[in-house]
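Analysis of the macromolecular model
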Amino acid sequence: MWSLQRSVSAALAHPRTLVRATAALRAHQPMLFAPLARSFHQVAPAFEDESDKTRETRPRRTLLYVPATSQRKVEKAATLPVDCVCLDLEDAVAENAKEQAREAVQTMLGSIDFGTSDVAVRINALTTSHAYEDLRAILTASVPPNTIVVPKVETAAQMEWFFECVDHIIGNERGGDQLKLQLLTQMESPIGLLNLSDICMVDRIEESTSVCVDHIGVIVGGDDYAAAAGLTRTRGNEELLYARQHTVTVCKAYDLQAIDIVNIHYKDPKRLEEESLGGAMWGFTGKQIIHPDQIETVTTAFTPSQEEIDRARDIMQLYQENHEQGIGAFEYKGQMIDMPTIKRCRAILKFDEKPTAASEDLADSKNTDETDSEQTTKTE
């Protein structure tokens, strides 16, 4: 089995070696073979029309990482006003504690009430021997997570392999219990950045998409990317300018959420605020966080103000009135309003129609939430 795992890891890390590994993979476990000879002529469009937009819309303004080996920290995270709690099996877990962490995650998923927060699990990289066992553990849990986070995705072949594995495990080891999960991938290397469009395309191809998983977003792993590219980190993140903006562009092209880099300086609120507001202006939809003290600042930065919501509501009312009269563009307080503005208003009003746990609980949590300085975990 170890030789098989090594073949899988080599094939995924270097797709050109996949042909050599094909025979071994098919002989041992056919479902582990991620076929590359798939034509891209059956690419599905993003959406047929406006009414077809059913892709995930749950806000993930804050994605909090928690070590999967610490039940105390997970229980604490479950009480916080955060959009997404991510139990981490990767960086936060030592190599010799991976199996223990999987067992802990299975137990906590079924025993801890996370309220309305999205519950995610970050598995180990697909090029490691841990990835498949991580998937088996969380997908066969009595209560599986809503979302899976996959780090260090670098090729379309890795995405195909992941989809094959998930569909196989759910189809063969859950007794016919059908699940619908969300997937967040992490861009953490130059090759992952260059291949990002192809990676996102996999979920739009009829022959390679999963019946059980929707790819709904991309996370930028800033520290890992900087290390892989040999960059020097700076306060203003100038060295990550291209990587972050390219990721946002690809995400918008595929209608995916774009989740920004983590700020490890959790005791510097001013720096966090500047970085969060900047990311929101660039088009990121959320940000990774590592400490409860970061929740309020990041949530506020990625949430439209009441003034923006009121303006959007007024514009949409005028849009409806003008649309019924066959009028496209119209004026609002000295501004010409057309479809790009309408689309932005629709996005803003999602926060007005569906308030999240973070929005409802944030004010109360200011006075009741005690800072847990040990919450911090390495995320990238």
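If you're wondering where the values come from, they're calculated on a predicted model, not measured in any experiment.

1. What about the packing of helix α5 (residues 131-139) against helix α6 (residues 156-173)?
Packed helices, taken two at a time, are described by the angle their axes make and the gap between the axes. Interhelical geometry of α5 versus α6 gives an angle of 40° and a closest axis separation of 10 Å. When the interaxial angle is binned, α5 and α6 end up oblique. Seen along the crossing, α5 lies across α6 with a hand that is right-handed. The residues of α6 that touch α5, namely those facing A131, Y132, L135, R136 and L139, are W161, F162, C165, V166, H168, I169, I170 and E173. Residues belonging to the contact of α5 with α6 are distributed by class as follows: ten nonpolar, one polar and two charged.

2. Some words on the confidence of the model for the protein
Taken as a whole, the protein shows an average pLDDT of 84; of its residues, 77% reach a score of 70 or greater. Taken together, the stretch residues 15-54 has pLDDT below 50 and engages in 63 contacts with residues farther than four places along the chain or on a different chain.

3. With respect to helix α13 (residues 306-324)
Look at α13: 27 Å from first C-alpha to last across 19 residues, which is about the 27 Å you get at 1.5 Å a residue. Among all positions in α13, only I309, A312, I315, M316, Y319 and N322 are buried. Angularly, the buried residues of α13 cover 150° about the axis, an arc narrow enough to put them on a single face. Counted as exposed and oriented over 90 degrees from the buried face of α13: E307 and E324. Of the residues flanking the end of α13, it is G326, one or two places downstream, whose phi is positive at about 80°.

4. Comments concerning the sheet that holds strand β8 (residues 286-289)
Read around the closed barrel, the eight strands follow the order β1-β2-β3-β4-β5-β6-β7-β8; overall the barrel is parallel. For this sheet the average axis-to-axis angle between neighbouring strands, irrespective of direction, equals 30°. As judged from the five bridges shared by strand β2 (residues 84-88) and strand β3 (residues 118-122), these two strands associate in the parallel manner. Looking at the pairing, V85 lines up with V119 of β3.

5. Some words on unusual backbone geometry
Non-glycine residue K152 carries a positive phi angle of around 55°. Inspection of the secondary structure puts K152 in the loop between β4 (147-150) and α6. Despite not being glycine, K333 shows a phi value in the positive range, around 50°. In this fold, K333 is placed in the loop between β9 (330-332) and β10 (335-337).

6. Brief notes about a nonpolar patch on the surface
A surface patch of nonpolar side chains, about 330 Å² in accessible area, is lined by L241, M281 and W282. Of note, W282 is situated in helix α11 (residues 269-282). Here W282 falls in the partly exposed class, since its relative accessible area comes to 32%.

7. Details of the packing of helix α10 (residues 241-253) against α11
One can describe the packing of α10 onto α11 by two numbers: an axis separation of 10 Å at closest approach and a directional angle of 45°. Compared by their axis directions, α10 and α11 come out oblique. Contact residues: L241, R244, Q245 and V248 in α10; E275, G279 and W282 in α11. Residues of the contact of α10 with α11, tallied by class, amount to three nonpolar, two polar and two charged.

8. Re the pattern of salt bridges
Within this structure, the stated rule accounts for 18 salt bridges. As a salt-bridge pair, R136 and E173 come within 2.9 Å of each other at their nearest N and O atoms. Within this pair, whereas R136 is found in helix α5, its partner E173 is found in helix α6, the two being separated by 37 residues in sequence. R136 sits in the partly exposed class, given a relative accessible area of 30%. D260 is the partner of R244 in a salt bridge, and the nearest nitrogen-oxygen pair spans 2.6 Å. Taken together, the residues span a long stretch of sequence, with R244 in helix α10 and D260 in strand β7 (residues 257-260) at a distance of 16 residues.

9. Considering the side chain of R271
Topologically, R271 is positioned in helix α11. Of the side chains with opposite charge, D268 lies nearest to the buried R271, which makes no salt bridge, at 4.7 Å. Polar contacts involving the side chain of R271 include one to the side chain of H265, which spans 3.3 Å. What R271 contacts, discounting residues up to four positions off in sequence, is T234, R235, N263 and H265.

Cut-offs used in this document
- Residues numbered from 1 in each chain as written.
- Predicted model: local features only at pLDDT ≥ 70, side-chain atom pairs only at ≥ 80, totals over all residues.
- Heavy atoms only, no water.
- Axes fitted to C-alpha atoms, helices over the stretch in contact; angles between N-to-C directions.
- Helix = DSSP H or I, 4+ residues; strand = E, 2+ residues; numbered from the N terminus.
- Parallel < 35°, antiparallel > 145°, perpendicular 65-115°, else oblique.
- Left-handed = near helix turned anticlockwise from the far one by under 90°.
- Contact = heavy atoms within 4.5 Å.
- Nonpolar A, V, L, I, M, F, W, Y, C, P; charged D, E, K, R; others polar.
- pLDDT = per-residue confidence, 0-100.
- Expected span 1.5 Å × (residues − 1).
- Buried < 20%, exposed > 50% of the residue type's maximum accessible area, 1.4 Å probe, protein only.
- Arc of directions from axis to C-beta.
- Pairing = 2+ DSSP bridges.
- Patch = residues over 30% accessible without salt bridge, like charges linked within 9 Å, V, L, I, M, F, W, Y side chains within 5 Å.
- Areas by Shrake-Rupley, 256 points an atom, 1.4 Å probe, with all protein chains shown as cover.
- Salt bridge = Lys/Arg side-chain N within 4 Å of Asp/Glu carboxyl O.
- Lys, Arg positive; Asp, Glu negative; His and termini not counted.
- Polar contact = N/O pair within 3.5 Å; in protein donor to acceptor, adjacent residues only side chain to side chain.

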